[in-house]
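Single-letter residue listing:
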Amino acid sequence: MEEREELKKLYQIARMYYEQDMTQSQIAKELGIYRTTISRMLKKIREKEIVQIRINYEAFHDIAVSEQLKERFGLKEVLLVPDKENQTKDQKRRAMGQACAKFLDRIVQAGDVVGFSWGTSLAAVAEELEPEKPKEEVICVPLIGGPDGKLASRYHANTIVYEAARKWKGGSTLIDVPAIAGNEELKSALAASGHFQEVKALWDRLTIAVVGIGSPAINQGDNWKAFYGGTLSAEMEEGEVAGDICSNFYDKRGRMMDTELLHRTISIDLQALHKTRYSIGVAESNEKVEAIKAALTAGHLNVLVTTEETAKALIREGE
């Protein structure tokens with residue numbers, strides 16, 4: 001009999017809490033029992049499956065998608081920005097920039113060395129930084145030299161690094177060598193300079209990398225041309241290159257390719273990204289799906305910031 005009475009009480013409390021939206025305090029007052037008793041009885045209601053709580057992942061499909069990507073590629077985090085009707089490229093980049101900026105504000109610690117590559121997505125990250133408090137003991141550094149063409153200064157790695165350091169009230173070291181030297185001898189000479197050795201010393205201490213992802217599918221784009229100028233090699237046209245990070249070109253499995261540009265490139269090595277606490281890739285678009293997938297497959301990144309549309313395309317690629 002006692003068990004039946006308890007069951008009736010549990011159903012009564014379930015209706016009051018879940019159907020009538022009464023608070024635990026209101027229920028306790030109406031029934032004349034302690035609030036802590038109500039809390040214990042609500043737990044028992046769930047255990048007896050009087051009330052069944054089900055998460056509707058279809059309504060929050062971005063969560064399911066991000067979890068699939070995390071599991072498939074062994075990522076620490078996937079930050080997705082939702083798809084919106086008639087959203088422009090610039091709006092997508094700004095949304096990704098905001099997501100990455102908030103993530104950085106949460107993970108950056110005193111003593112971190114934070115490196116940035118170049119490009120529109122990286123510029124959006126720096127522009128969207130709104131730190132809650134200064135990060136004075138942080139040092140920012142470019143991960144690649146300057147452009148060969150006429151890239152807008154807004155997208156230059158130095159500009160991005162300076163902006164991030166300014167907002168964090170941290171330190172920065174800029175880079176004054178080109179990303180692509182004219183020949184191997186010039187690269188060696190530049191790499192031996194005192195200034196570059198300061199930059200390289202910071203690369204050796206890098207704890208967080210924030211990078212864009214390039215793709216040969218967009219090698220006719222204005223920014224691509226502005227960065228590389230006339231230095232694009234024949235390999236770009238032969239279909240073997242899947243993508244690049246900091247002008248390190250890799251194949252569909254994410255393996256570094258021995259391109260003609262490799263021996264003239266002044267940038268951080270891809271393997272250095274594997275040693276960081278966070279290696280964050282910020283990229284979106286169907287044209288970049290293969291490049292993103294290859295980078296994730298090879299473990300060059302452990303955090304991805306992208307759009308929901310691109311994330312779904314990545315999942316379909318693996319099916």
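To be clear, the structure that these remarks concern was listed above.
Colleague: An account of the nonpolar core is requested, with residue identities and associated values reported.
Modeller: Grouped together as the largest cluster of nonpolar side chains are 82 residues, with contacts concentrated most on Leu 104, Phe 116, Trp 168, Val 210, Ile 245 and Ile 280. In contact with Ile 280, not counting residues within four places along its chain, are Cys 100, Phe 103, Leu 104, Ile 107, Ile 208, Ala 209, Val 210, Val 211, Leu 301, Val 303 and Val 305.

Colleague: Quick rundown of the state of the cysteines? Include the residues and the values.
Modeller: What the rule picks out here adds up to 0 disulfides. Left without a disulfide partner, Cys 140 is nearest to the cysteine sulfur of Cys 100, which lies 12 Å away. Left without a disulfide partner, Cys 246 is nearest to the cysteine sulfur of Cys 100, which lies 14 Å away. Residue class for Cys 246 comes out buried when judged on its relative accessible area of 3%.

Colleague: So what's going on with unusual backbone geometry? Residues and values would help.
Modeller: Phi at Glu 49 is positive, roughly 60°, even though this residue is not glycine. Along the polypeptide, Glu 49 turns up in the loop between helix H3 (35-47) and helix H4 (61-73). Judged by relative accessible area, which is 54%, Glu 49 ranks as exposed. Phi angles above zero are rare outside glycine, and Ser 247 is one such case at about 65°. In this fold, Ser 247 is placed in the loop between strand S6 (243-245) and strand S7 (248-250). Given the relative accessible area of 2%, Ser 247 is considered buried.

Colleague: Which residues make up the pattern of salt bridges, and what are the values?
Modeller: Throughout the structure, instances matching the rule amount to 13 salt bridges. Between Lys 70 and Glu 67 there is a salt bridge, with the nearest N and O atoms lying 3.7 Å from each other. Of the two residues, Lys 70 and Glu 67 both sit in helix H4, 3 residues apart, roughly one turn of that helix. Each member of the salt-bridge network shares a partner with another, and the members are Glu 163, Arg 166 and Lys 167.

Colleague: Kindly report on the packing of aromatic side chains, identifying the contributing residues and their values.
Modeller: Tallied over the entire structure, the rule returns 4 aromatic pairs. Ring geometry for Phe 103 versus Tyr 278: centroids 5.6 Å apart, planes at 90°, classification edge-to-face. Pair noted here: Phe 103 is in helix H5 (residues 89-107) and Tyr 278 is in strand S8 (residues 278-282), with a separation of 175 residues, a long-range link. Across the pair, exposure class does not vary: Phe 103 and Tyr 278 are buried alike. For the ring pair Phe 116 and Trp 168, a centre distance of 6.5 Å and an interplane angle of 40° mean the geometry is tilted. Here Phe 116 is found in strand S2 (residues 113-116), whereas its partner Trp 168 is found in helix H7 (residues 157-168), with 52 residues between them in sequence. Looking at Phe 116, the relative accessible area reads 0%, which means it is buried. Positioned above the aromatic ring of Tyr 278 is the side chain of Lys 76, whose terminal nitrogen or guanidinium carbon lies 4.6 Å from the ring centre.

Calculation criteria
Residues numbered from 1 in each chain as written. Predicted model: local features only at pLDDT ≥ 70, side-chain atom pairs only at ≥ 80, totals over all residues. Heavy atoms only, no water. Core = buried A, V, L, I, M, F, W, Y, C linked by side-chain atoms within 4.5 Å. Buried < 20%, exposed > 50% of the residue type's maximum accessible area, 1.4 Å probe, protein only. Contact = heavy atoms within 4.5 Å. Disulfide = S-S within 2.5 Å. Helix = DSSP H or I, 4+ residues; strand = E, 2+ residues; numbered from the N terminus. Salt bridge = Lys/Arg side-chain N within 4 Å of Asp/Glu carboxyl O. Phe/Tyr/Trp six-rings, centres within 6.5 Å; stacked < 30°, edge-to-face > 60°. Lys NZ or Arg CZ within 6 Å of the ring centre and 35° of its normal.

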